Structures are given as C-alpha cells and as structure tokens.
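# Examination of the molecular architecture
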Amino acid sequence: MASSYWTSALAPVAQGRCPVLGHLPQLAASRSRFFDSLRPQGEVVQILLGSRPAFVLNSPGAVHESLTEKSRDLGKGLLFQTARPFMGNGIALSEGAFHRRQRRILQPGFHRARIAGYAPTMAALAEQTAESWHPGSVVQLDEEMRRLTTRVILHVLFSSSHEIPRDLAEMGEKVPAYLHVLTKGMFLHTVLPTRVAALPTRGRRRFFAAAATLRTLAERAVQHARIHAGDGDLLSLMLGRAGVATPVMTDEQARDELLTLLIAGAETTATTLSWALHVLSTDPRAQERIGAEARAVSLARDPGAPTPYTDRFLTEVLRLYQPNWLMMRRTACPTTIRSVRLPEGSELILSAAALHRDPVSFPDPLRFDPDRWLSRTERDLPRGAYIPFGAGNRKCIGDTFAWHEMRITLAAIMTRWRLHPVPRHRVRAVEHVQIRPNALPLRVTRHDSG
C-alpha cells in the first residue's frame, strides 16, 4: 500500500542538474534566475541540493496551502535546523506547543497600542541618525540602516529603564556586522554538502565568532534585565514584571527570543530600508511625495496616520525587493500539496521573492510601480501571491512593528535630505539567506541646496 501511494503524482525533477552537485551550481550563480526558471515546470518541482532532494513550491496556491491548510503537517526544515545551534530555539525556530507558548508571551509586545508607544523612540533614533549626516557627503546608507534598526530593537527591549547599559550599547554597535556574517554562514551551512560546510575555512571561523558574540550580547541583556526588572518593555514580557516569583521564561529562553528579534527585527528591516533608499535615490519625484506626506502628519505621535503614497511605495519595495528569498519547511508526516504526494521528511522550499515576480500575479513584474497597488490591492491577489511577512500561524510577529519603523525612518530622512546616486557605483543584489544590496553609498544634500 505504501508503495502504490508514492508511485503516483510525483513532482518533476528540475532540469539542468549536475550529476554530483545537483542544482547547487545554478543556486550559486543566481538564486533569483534559478527560481524564476522553475516556475513553468510545475507547482511543485524537485531539486537536488547535492544528493539531498528538496521540493520547490512555485505557485501561490501551493505556498498558501503549505503555510495555512497544511501548516500542522510541516516542521521548520533544514535551514532552521542548521540555524538552531547558533540562534537557539526562539519563535522563528521553535515548533508545536512550545512555539505557541512563546508566541503568546511575546504577542502583547507587538499589539498596535504598544507599537504606538514605541513610535516616539523610533522617530527620535531615526532623526538622530539623519541629523548626523553632513550636506554633500557620501553616506553608506546600508550600514546606517543596520545600525539604526539594531538601536531601535535595543531601545525597545530596555524601554522601561530609559537607558541601555553602556557595555550593551557598545556591543550593539558591532551587531550589524555580526548579523551579516551569521546570516551568510547559515545559508552556506544549509545548502552545501555537510563535509564541505565543515571545512575549517576563514569564513567558517568568522561565522562561529559572530554567533558567539551575538549570544554573549543576548545573555548580558537578559542578565541585566533580570536584575533591573522593568515593566512595559519586551524584556519585561519575557522575564516577568518586578516582584514576580516565577519567571515567565528562563534566561536561556529569553536569550533565544532576543537573538531572534535581533536577526528578524534588525537585519530584515534594514535590508528593506536599504532597497527603499536605493530606489528613492533614482526617483526625485518619489522623494518629494514621501517628504510631503511626512510633513503633513506626525508619525511619532500617530504612527497610523495616513500616508497613502508612502504605503504604496513600501508595498512595492517589499514586492520587487523582497529580502527573504528562502523559506523552508519539512513534512512531519506523509503530505499532499497541490495533488503532489510528499513522503515524511521532505524538505520544502518557498521563495517569496520568486512569487512576487510572477507575471501572472504582477504584470510587467520587474517594473517598480507603486501605483500598481491603486488598481489591484493585496486583497485582489490570489492567496499566497504576496507574502512579505509570511503567512499562516508562522507569520512574522513583528510585521506591524517593522512597517511603522520603515514609515517613520523614511519620513525622518525625506523631510531633511535629497538622495543622489554615486557615479560609477553599481548597486547589485547579493544573495544569501537574504537578498541585500552589495553596498549603498549615496550623496546627501539638503532640500534647499538642490
């Protein structure tokens, strides 16, 4: 019976595989092109990561089915298994009842009312960053965005104590570089054959050093919060308010959640902001429109104030420049997705970046056009076609937090500066776990200086 079950409705194997490395050479050359090439081959297509099979979900329907209807049949997959020794067991990696428990504890920290309380801090830090630049200078804005989003996370973690401990603030300045090393290393550990990934290279040593440093930062933050218990910040939600006899989380659990917040809340948001600023540097009219909306409202006082063009602009950035090209799941039992039958333990790959460039859902998909969202909103799209923050019970817990942080940051910059590309520098995509710009040097000038 088991044999007949698996002999029908099998996923086709993607074309062009290498006998030894499978499809790794194509992934190494360009993840985006490779996933675009899989779309015509079927809704579920098998690829080979060396000798390991994996199944790519190509259609919005296949992705929606896996993330919602079949979510209880799927675990986190190979990428997350690789990351767990370095990131711990935070809500991005944990599963089952433990994941639901941790998410319930953290959820109040991301309610809209709580985010409104974070908005003044977001605005103050964004304005402080923008005011530190000098007219006519070239600013490495990708690095600036990583520093800014890390500072926002640290301030929100310690918001009730009003001051970040000095040693943590100093370590926090180094976090952006370590996050980049960590996310790059996790991708390589996932896709490369085990023996190759384990070679004692310089990159591997940097990867382990970055993971250790980030873990130390998180542990120190938890220790400080345990001694100086506050009331109202994210760490107090993890640890319990002052005077609570039984901790809500252990120190290890709180450390793991903090690491998750740093990676998901700082690195991903910074990458999206970097792409947004890159696009703005090529479009003076868009700069003016976002600046005008920002001057008409106060997002620090009212983070939900209407900024319709800014919202369409960011929606389009998250479509065309979606930073997270790779999500993985693993079947916990025999599972059928889009009539394709998958055995227990099958690795599934979902690419939001590929979905967002599907010409069926998005005509002329490589054209950046915020106004495409005037005629067709997210609700008009097929379910699963647009998933910038994921979907289902594993959707990013901090999606609203990140959205308001990006709006506030663009407002702070666009009300002060004009952005100009640097001659002879070509911005290109670097693809690891995230798709990020190689570097983003931009010249900044005041509005009244042309």
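Everything numeric in this text was worked out from a predicted model, so none of it was measured. (Residues numbered from 1 in each chain as written. Predicted model: local features only at pLDDT ≥ 70, side-chain atom pairs only at ≥ 80, totals over all residues. Heavy atoms only, no water.)

This part takes up unusual backbone geometry. Notably, arginine 338 is not glycine yet its phi reads approximately 55°, a positive angle. With respect to the helices, strands and loops of the structure, arginine 338 is situated in the loop between strand E6 (335-337) and strand E7 (340-342). Non-glycine residue arginine 424 carries a positive phi angle of around 70°. Summarising the element assignment, arginine 424 is placed in the loop between strand E9 (417-421) and strand E10 (429-431). Residue classification places arginine 424 among the exposed positions, given a relative accessible area of 87%. (Helix = DSSP H or I, 4+ residues; strand = E, 2+ residues; numbered from the N terminus. Buried < 20%, exposed > 50% of the residue type's maximum accessible area, 1.4 Å probe, protein only.)

This paragraph deals with the pairing of strand E5 (residues 327-331). Counting buried residues along E5, 4 of its 5 residues qualify, which places the element largely inside the surrounding structure. Sheet topology note: the strand E3 (residues 74-75)/E5 ladder contains 2 bridges and is antiparallel. Looking at E5, one finds that leucine 74 is bridged to threonine 331. Alignment of E5 against strand E8 (residues 347-350), held across 4 bridges, turns out to be antiparallel. Along E8, the bridge assignment pairs methionine 327 with leucine 350. (Pairing = 2+ DSSP bridges.)

Using the criterion set out here, one finds 11 aromatic pairs in the structure. Ring centres 5.7 Å apart and planes at 75° place the aromatic pair phenylalanine 34 and phenylalanine 35 in the edge-to-face group. Given a relative accessible area of 3%, phenylalanine 35 falls into the buried group. Where tyrosine 309 meets phenylalanine 313, the ring centres are 6.4 Å apart and the plane angle is 40°; that geometry is what we call tilted. Separated by 4 residues within a single helix, tyrosine 309 and phenylalanine 313 lie in helix H15 (residues 308-320), roughly one turn from each other. Here the two residues tyrosine 309 and phenylalanine 313 agree in accessibility, since each one is buried. Of the aromatic side chains, those joined through ring pairs into one cluster are Trp275, Tyr309, Phe313, Tyr321 and Phe368. A cation sits over an aromatic face here: arginine 319 above phenylalanine 362, 5.3 Å from the ring centre. The aromatic ring of tryptophan 417 is capped on one face by arginine 446, whose charged end is 4.0 Å from the ring centroid. (Phe/Tyr/Trp six-rings, centres within 6.5 Å; stacked < 30°, edge-to-face > 60°. Lys NZ or Arg CZ within 6 Å of the ring centre and 35° of its normal.)

On to the nonpolar core, then. Counting residues in hydrophobic clusters, the biggest one holds 99 residues, and the most contacted among them are Leu277, Phe313 and Leu419. With 12 residues, helix H13 (residues 251-281) is the single largest residue contributor to this core. Excluding residues that lie within four positions of it along the chain, phenylalanine 313 makes contacts with Ala276, Val279, Leu280, Ala286, Ile290, Phe368, Pro370 and Leu410. (Core = buried A, V, L, I, M, F, W, Y, C linked by side-chain atoms within 4.5 Å. Contact = heavy atoms within 4.5 Å.)

Turning our eyes to something else, we now look at the pairing of strand E1 (residues 44-49). For E1, the buried fraction is high: 6 of the 6 residues fall into the buried class. Covered by surrounding structure in E1 are Val44, Gln46 and Leu48 together with Val45, Ile47 and Leu49, the residues of both alternating faces. As paired elements, E1 and strand E2 (residues 52-57) share 6 bridges and run antiparallel to each other. Residue glutamine 46 lies in a different strand from E2, and its bridge partner there is phenylalanine 55. Between the antiparallel neighbours E1 and E2 lie 2 residues, among them glycine 50 with a positive phi of about 70°.

It is worth spelling out a positive patch on the surface at this point. A contiguous patch of positive charge, built from Arg72, Arg100, Arg101 and Arg104, is present on the exposed surface. By secondary structure assignment, the location of arginine 100 is in helix H6 (residues 96-106). (Patch = residues over 30% accessible without salt bridge, like charges linked within 9 Å, V, L, I, M, F, W, Y side chains within 5 Å. Areas by Shrake-Rupley, 256 points an atom, 1.4 Å probe, with all protein chains shown as cover. Salt bridge = Lys/Arg side-chain N within 4 Å of Asp/Glu carboxyl O. Lys, Arg positive; Asp, Glu negative; His and termini not counted. Charge placed at Lys NZ, Arg CZ, Asp CG, Glu CD.)

For the protein chain, the mean per-residue pLDDT works out to 84, and 82% of the residues sit at or above 70. The secondary structure element of the protein chain with the lowest average pLDDT is helix H1 (residues 2-5), at 34, and the one with the highest is H15, at 98. Contacts for the low-pLDDT stretch residues 1-8, under 50 throughout, to residues beyond four places or in other chains number 9 contacts. (pLDDT = per-residue confidence, 0-100.)

Tracing the chain through its elements places glutamine 322 in the loop between H15 and E5. With relative accessibility at 2%, the residue glutamine 322 sits in the buried group. Within the structure, glutamine 322 has its side chain in polar contact with the backbone oxygen of leucine 318 (distance 3.1 Å). Side-chain polar atoms of glutamine 322 contact the backbone nitrogen of asparagine 324, separated by 3.1 Å. When near neighbours in sequence (up to four residues on either side) are disregarded, glutamine 322 contacts Val317, Ala352, Ala353, His356, Pro388 and Ile435. (Polar contact = N/O pair within 3.5 Å; in protein donor to acceptor, adjacent residues only side chain to side chain.)

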